[in-house]
Amino acid sequence: QVQLVESGGGLVQAGGSLRLSCAASGRTASTNGLGWFRQAPGKERAFVAAITWSGKMTWYTDSVKGRFTVSRDNAKNTVYLQMNSLKPEDTAVYYCGAGSIWSNTYYYTAPYDYWGQGTQVTVSS
């Protein structure tokens, strides 16, 4: 089992920044990466960014490229999502997931076997 705990969400004005953290514990060696997804009210959970534990591969959805950066600290078993230039459309509950992800699967929810509880991000206009 892998346990994931997200933190860092909050209310911010458009143009502001937030940094989300996802702390992993347990059998993280059974996974090879972690992804960030978000879910707005009435919408499906959607891919945002992902990173392998090695750090060699990162992926982003087009709408956040150049604004969001995913990184990891393996010593702390923690993955971060630095979000800059936030927009109202970034408002959602953000979830981190851990699993076996590859270049052709990272954007699906299915490869992620473990999920955190989510953290709310609200961007006001």
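Structure: see above.
I will try to describe carefully the structure that is included in this document. (Residues numbered from 1 in each chain as written. Predicted model: local features only at pLDDT ≥ 70, side-chain atom pairs only at ≥ 80, totals over all residues. Heavy atoms only, no water.)

A short note on the overall build of the protein chain
In step 1: Counting secondary structure elements, the protein chain contains zero helices and eleven strands.
In step 2: Along the protein chain, from the amino end to the carboxyl end, the secondary structure elements read β-β-β-β-β-β-β-β-β-β-β.
In step 3: Against the globule reference of 14 Å for 125 residues, the protein chain gives a C-alpha radius of gyration of 13 Å, in line with a compact fold.
In step 4: Taking the principal axes of the C-alpha coordinates as reference, the protein chain spans close to 40 × 25 × 25 Å.
In step 5: Here the protein chain holds 125 residues, and the buried ones make up 46% of them.
In step 6: Taking the intrachain contacts of the protein chain between residues at least 6 apart in sequence as the baseline, contacts between residues at least 24 apart amount to 58%.
In step 7: Carbon and sulfur atoms form 48% of the exposed surface of the protein chain, whose accessible area is close to 6,300 Å².
In step 8: Across the protein chain, the centroid of the 11 positively charged side chains sits 6 Å from that of the 7 negatively charged ones. (Helix = DSSP H or I, 4+ residues; strand = E, 2+ residues; numbered from the N terminus. Rg over C-alpha atoms; globule rule 2.2 N^0.38 Å. Buried < 20%, exposed > 50% of the residue type's maximum accessible area, 1.4 Å probe, protein only. Contact = heavy atoms within 4.5 Å. Areas by Shrake-Rupley, 256 points an atom, 1.4 Å probe, with all protein chains shown as cover. Lys, Arg positive; Asp, Glu negative; His and termini not counted. Charge placed at Lys NZ, Arg CZ, Asp CG, Glu CD.)

Some details on unusual backbone geometry
For residues other than glycine, phi is negative in most cases, and the peptide bonds are mostly trans.
In step 1: Within the chain, Asn77 stands out as a residue other than glycine whose phi angle is a positive 50°.
In step 2: Checked against the element boundaries, Asn77 lands in the loop between strand E7 (68-73) and strand E8 (78-83).
In step 3: Judged by relative accessible area, which is 25%, Asn77 ranks as partly exposed.
In step 4: One non-glycine residue, Ser85, lies in positive phi territory at about 50°.
In step 5: Under the relative-accessibility criterion, Ser85 is labelled partly exposed at 40%.

What to know about the packing of aromatic side chains
In step 1: Following the criterion strictly, the structure yields eight aromatic pairs and no others.
In step 2: What links up through ring pairs into an aromatic cluster is the set Phe37, Phe47, Trp59, Tyr106, Tyr107, Tyr108, Tyr112 and Trp115.
In step 3: One residue, Arg45, lies across the ring of Tyr95, its end atom 3.7 Å from the ring centre.
In step 4: One Lys or Arg, Arg45, reaches over the ring of Trp115 and ends 4.8 Å from the middle of that ring. (Phe/Tyr/Trp six-rings, centres within 6.5 Å; stacked < 30°, edge-to-face > 60°. Lys NZ or Arg CZ within 6 Å of the ring centre and 35° of its normal.)

Overview of the sheet that holds E8
Across a sheet, paired strands are connected by hydrogen bonds in the backbone, their directions being either parallel or antiparallel.
In step 1: Strand order in the open sheet made by the four strands is E1-E3-E8-E7, with antiparallel pairing throughout. On the outer flanks of this sheet lie strand E1 (2-7) and E7, each paired with one strand and no other. Averaged over all pairs of adjacent strands, the angle between their axes in this sheet comes to 15°, without regard to strand direction. (Pairing = 2+ DSSP bridges. Axes fitted to C-alpha atoms, helices over the stretch in contact; angles between N-to-C directions.)

Topic: the nonpolar core
As a rule of thumb, soluble globular proteins bury nonpolar side chains together.
In step 1: Among the nonpolar cores identified, the biggest contains 28 residues, and Leu4, Trp36, Leu81, Met83 and Tyr94 are the most heavily contacted of them.
In step 2: At the level of elements, E1, strand E3 (18-26), strand E4 (33-39), strand E5 (46-52), E7, E8, strand E9 (92-99) and strand E11 (119-124) are the ones that each hand at least two residues to this core.
In step 3: Counting residues in each nonpolar core, the second largest holds seven residues, with Phe37, Ala50, Ile101 and Tyr112 among its members. (Core = buried A, V, L, I, M, F, W, Y, C linked by side-chain atoms within 4.5 Å.)

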